[in-house]
Amino acid sequence: MRFNFSILTAFLLITLVACFAANGQQAKNVTQEFEEQHIAIEQWHFSLSAGAGVVTNPLRGGDNIPLVLIPQVAFYGQHWFFDNGRLGYSFIQSQKHNLNLVSELNAESRFFIDWHPTNIFTLQTSALNSQLVQQQSTSSPKNININDIEKRHIALDAGIAYHYVDDANVFSIQALHDVTSVYNGLRGALQWQYHAEVGKLKIKPTLGINYKSAELNDYFYGLKADETKLGKIDVGSSWQPYAKIDARWPLSKVNSLRFHLAYYNYSAMDGSPLFEHAYSMTAFIGLDHTF
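J.: What is the right way to look at the pairing of strand β10 (residues 201-212) in this model?
T.: Looking down a regular strand, the side chains alternate between one sheet face and the other. Note that strand β8 (residues 186-194) and β10 share seven bridges and pair antiparallel. Note that in β10 the partner of A189 across the bridge is N210. Note: strand β9 (residues 196-198) against β10, three bridges, orientation antiparallel. For E197, the partnering residue across the bridge sits in β10 and is K202. Between β9 and the antiparallel strand that follows it, β10, lie two residues; G199 among them carries a positive phi value of about 65 degrees. Where β10 lies against strand β11 (residues 238-250), eleven bridges are found, and the strand directions are antiparallel. Bridge pairing links I209 to P241 in β11.

In structure tokens form, the structure reads like this:
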């Protein structure tokens, strides 16, 4: 498995600096932070981020996804909740433990579909005319353009998500399975997130690793026998690290400046000829308004 160490190291340094800086002051308790944001149950919560950003597409022939307006929509009931495209039911809710049944669209197909639903809530992701791209593509047998293969379909995943809150640290684990029989596989994730304040600046660094089954990777990033002269190509399962940092500087009770940067490593997929880059980056800066 190959990693882009320069980018990953930069994210680790950013995360460590944020944590050490926050430890120099008083880190905020996550539950207390939610209370101060007046997140109430039985009502909708809306916010909108407007600015400039991009999600880079690591696939050959794929267009980068521009980020201009990014809505955030949430509703929390006594047990049911909707949070930026994730629908769930809470079995256990306490200050330290949270166990949920969740469902959400699988995000892998966003690289194949320009207007993928998960791109709407990307902080939680100008396409060229497809005919023009196909005319300009000159794929070799070892470099396959995504415009020359069958479209990958959107899948709905469902499963269990558990969160453990320890003061300013949130540790999460989840396991989801395709319930729409699109790829008939599963995916999981381990994640650590830190909630802190440095002066007025609110920072949330995140480190995690995704597990993707062979069925998932083979469907989205493998190739069928009739899609390439090389014959059928399987990718196999993978562990893929990621790092994110989200920062907000409040301007008023409802407005804040927002900065988001994320790195997702795809070097474990180097057996697939679809990949032009071994990583995907998300970057955004703009103004966030809460309604």
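J.: What exactly am I supposed to notice about a nonpolar patch on the surface here?
T.: On the surface, F91, I92, L101 and I160 cluster together into a nonpolar patch covering about 350 Å² of accessible area. Note on placement: I160 falls in strand β6 (residues 156-166). I160 gets classed as partly exposed once you look at its relative accessible area, which sits at 40%.

Basis of the calculations
- Residues numbered from 1 in each chain as written.
- Predicted model: local features only at pLDDT ≥ 70, side-chain atom pairs only at ≥ 80, totals over all residues.
- Heavy atoms only, no water.
- Pairing = 2+ DSSP bridges.
- Helix = DSSP H or I, 4+ residues; strand = E, 2+ residues; numbered from the N terminus.
- Patch = residues over 30% accessible without salt bridge, like charges linked within 9 Å, V, L, I, M, F, W, Y side chains within 5 Å.
- Areas by Shrake-Rupley, 256 points an atom, 1.4 Å probe, with all protein chains shown as cover.
- Salt bridge = Lys/Arg side-chain N within 4 Å of Asp/Glu carboxyl O.
- Buried < 20%, exposed > 50% of the residue type's maximum accessible area, 1.4 Å probe, protein only.

Geometric values such as these leave the question of function open.
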